[in-house]
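Observations on chain architecture
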Amino acid sequence: MATAGEAFQQLVEIMKRLRGPGGCPWDHEQTIQSLRGFVLEETYEVLDAIDRGDHDGLRGEIGDFIFEGVFLAQIEADGGHFEVADSLTDIAEKLIRRHPHVFATAEGVDTPGKVVEQWEQIKSREQQDAGKKRSLLSGVPKSMPSLLRAHEIGTRVAAVGFDWARTADVVDKIEEEVAELREAIAHDSHERAEEEMGDLLFSIANLARKLGIEPESALRKANEKFSGRFTKLEGVFEEQGRSVHDATLQDMEEVWRQVKES
């Protein structure tokens, strides 16, 4: 059985051949921009395997995910920018720097929360030493799914102490946002309703964070649960020789209750 280093090097060599003379025409024409969609697709396939608890599937999806990273690095190497080894060295050095409680003599970092706080403090020092004046939130990608981005924003500001003291305080905030949304709806103000809906979703994402729940994953599971139940609902009507398109809301709600209880 190959070691991780040997297996990784084999993948790098395969990628070099695909992009090299006599290689694959499709691989030759790819750019970092054209691979963006594939990177996103592989990310979601990894997440899907995690949500299913599919260990065999995750094994393959991790391989696909790593391949996209190697592909991107090879394109950059072909352009004379950097090698994949540079990326690996960078992340290894970063992990050692930002875990002084493991690789050095830092003490008192004995909870996950303290680890995150230390990480952000070290990151800030690194940016200052490099002469970079960056906001705590400037590194949160705008291309992230909005719910996940809200979770990440909350995590980062919480690392410097800007957070609700108690989980119950977030629940109070959610109730406040619901009341404001109700008021906007009552006044038939679409613009304000949109703003209040955003505030409500942001607060919900922070409640998930306080509960240790990743909201994007939780919502994916809720989507799957709803979709599965609705598919069963359609099946009930089909067995009756009927269609949901012809059913009344009362008919569908009755079958929905049966599906939920089954």
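The structure this text deals with has already been given above.
Residues numbered from 1 in each chain as written. Predicted model: local features only at pLDDT ≥ 70, side-chain atom pairs only at ≥ 80, totals over all residues. Heavy atoms only, no water.

1. A word on the overall build of the protein
For the protein, the count of helices and strands is 12 helices and 0 strands. For the protein, the C-alpha radius of gyration of 24 Å lies well beyond 18 Å, the compact-globule estimate for 262 residues. Taken over the C-alpha atoms alone, the protein extends approximately 65 × 50 × 40 Å along its principal axes. For the protein, the proportion of its 262 residues judged to be buried stands at 24%. In the protein, of all internal contacts separated by at least 6 residues, the share reaching a separation of at least 24 is 53%. As displayed, the protein offers around 17,800 Å² of accessible surface, 55% of which is attributable to carbon and sulfur atoms. Charged side chains of the protein number 32 positive and 52 negative; the gap between the two group centres comes to 5 Å. (Helix = DSSP H or I, 4+ residues; strand = E, 2+ residues; numbered from the N terminus. Rg over C-alpha atoms; globule rule 2.2 N^0.38 Å. Buried < 20%, exposed > 50% of the residue type's maximum accessible area, 1.4 Å probe, protein only. Contact = heavy atoms within 4.5 Å. Areas by Shrake-Rupley, 256 points an atom, 1.4 Å probe, with all protein chains shown as cover. Lys, Arg positive; Asp, Glu negative; His and termini not counted. Charge placed at Lys NZ, Arg CZ, Asp CG, Glu CD.)

2. Describing the packing of aromatic side chains
The relative placement of two aromatic rings is captured by the distance of their centres and the angle of their planes. Evaluation of the coordinates by the stated rule reveals 5 aromatic pairs. On the numbers, 6.3 Å between centres and 65 degrees between planes, the contact of Trp 26 with Phe 71 is edge-to-face. With Trp 26 in helix 2 (residues 25-29) and Phe 71 in helix 4 (residues 55-78), the pair connects residues that are 45 residues apart, well separated along the chain. Judged by relative accessible area, Phe 71 falls into the buried class, the value being 1%. Each member of the aromatic cluster is reached from another via a ring pair, and the members are Trp 26, Phe 38, Phe 67 and Phe 71. (Phe/Tyr/Trp six-rings, centres within 6.5 Å; stacked < 30°, edge-to-face > 60°.)

3. Describing the pattern of salt bridges
The full count for this structure, using the stated rule, is 17 salt bridges. The partner of Asp 48 in a salt bridge is Arg 52, with the nearest N and O atoms 2.3 Å apart. Placement of both Asp 48 and Arg 52 in helix 3 (residues 36-52) is noted, with a separation of 4 residues, approximately one turn of the helix. On the accessibility criterion, Asp 48 (39% relative accessible area) is partly exposed. (Salt bridge = Lys/Arg side-chain N within 4 Å of Asp/Glu carboxyl O.)

4. Focus on the packing of helix 11 (residues 215-239) against helix 12 (residues 249-261)
Relative to each other, helix 11 and helix 12 sit at 115 degrees, their axes nearing to 9 Å. In this structure, helix 11 crosses over helix 12, and the sense of that crossing is right-handed. Facing Phe 226, Arg 229, Phe 230, Lys 232, Leu 233, Val 236 and Phe 237 of helix 11, the residues of helix 12 in contact are Asp 251, Met 252, Val 255, Trp 256, Val 259 and Lys 260. Of the residues contributing to the contact of helix 11 with helix 12, the split by class is 9 nonpolar, no polar and 4 charged. (Axes fitted to C-alpha atoms, helices over the stretch in contact; angles between N-to-C directions. Left-handed = near helix turned anticlockwise from the far one by under 90°. Nonpolar A, V, L, I, M, F, W, Y, C, P; charged D, E, K, R; others polar.)

5. Here we look at helix 1 (residues 4-19)
Residues spaced three or four apart along an α-helix face the same direction, because each turn holds 3.6 residues. Look at helix 1: 23 Å from first C-alpha to last across 16 residues, which is about the 22 Å you get at 1.5 Å a residue. Considered for burial, the residues of helix 1 that qualify are Val 12, Met 15 and Arg 19. One side of helix 1 carries all its buried residues, which in axial view fall inside an arc of 60 degrees. Facing away from the buried surface of helix 1 by more than 90 degrees, the exposed residues are Gln 10 and Arg 17. (Expected span 1.5 Å × (residues − 1). Arc of directions from axis to C-beta.)

6. What about helix 8 (residues 146-158)?
Relative to the 18 Å expected for 13 residues at 1.5 Å per residue, helix 8 spans 18 Å between its end C-alpha atoms, a close match to the ideal helical length. Within helix 8, the full set of buried residues consists of Leu 147, Ala 150, His 151, Ile 153, Gly 154, Arg 156 and Val 157. Lining the buried residues of helix 8 we find helix 7 (112-129), helix 10 (190-210) and helix 11.

7. A short note on a negative patch on the surface
The grouping of Glu 83, Asp 86, Asp 90 and Glu 93 at the surface amounts to a negative patch. Its place among the elements puts Glu 93 in helix 5 (residues 84-97). (Patch = residues over 30% accessible without salt bridge, like charges linked within 9 Å, V, L, I, M, F, W, Y side chains within 5 Å.)

8. Focus on the side chain of Arg 98
In this structure, Arg 98 sits in the loop between helix 5 and helix 6 (100-103). In this structure the side chain of Arg 98 is engaged in a polar contact, spanning 2.7 Å, whose partner is the side chain of Glu 126. Discounting residues that sit within four places of it in the chain, Arg 98 has contacts with Gln 118, Trp 119, Ile 122, Lys 123 and Glu 126. (Polar contact = N/O pair within 3.5 Å; in protein donor to acceptor, adjacent residues only side chain to side chain.)

9. Some remarks on the environment of Arg 36
One can find Arg 36 in helix 3. Here the alpha-carbon distance between Arg 36 and Leu 72, two residues 36 residues apart in the chain, equals 9.4 Å.

10. Notes on the nonpolar core
Formed by Val 12, Met 15, Leu 35, Val 70, Phe 71, Ala 73, Ile 75 and Val 84, the largest nonpolar core amounts to 8 residues. Mapped by element, the contributors of at least two residues to this core are helix 1 and helix 4. Per-element tally for this core: the top contributor is helix 4, with 4 residues. For Met 15, the residues in contact, after removing those within four places along its chain, are Asp 27, Phe 67, Val 70, Phe 71 and Gln 74. Ile 174, Ala 184, Ala 193 and Leu 200 belong to the second-largest nonpolar core, a separate cluster that totals 7 residues. (Core = buried A, V, L, I, M, F, W, Y, C linked by side-chain atoms within 4.5 Å.)

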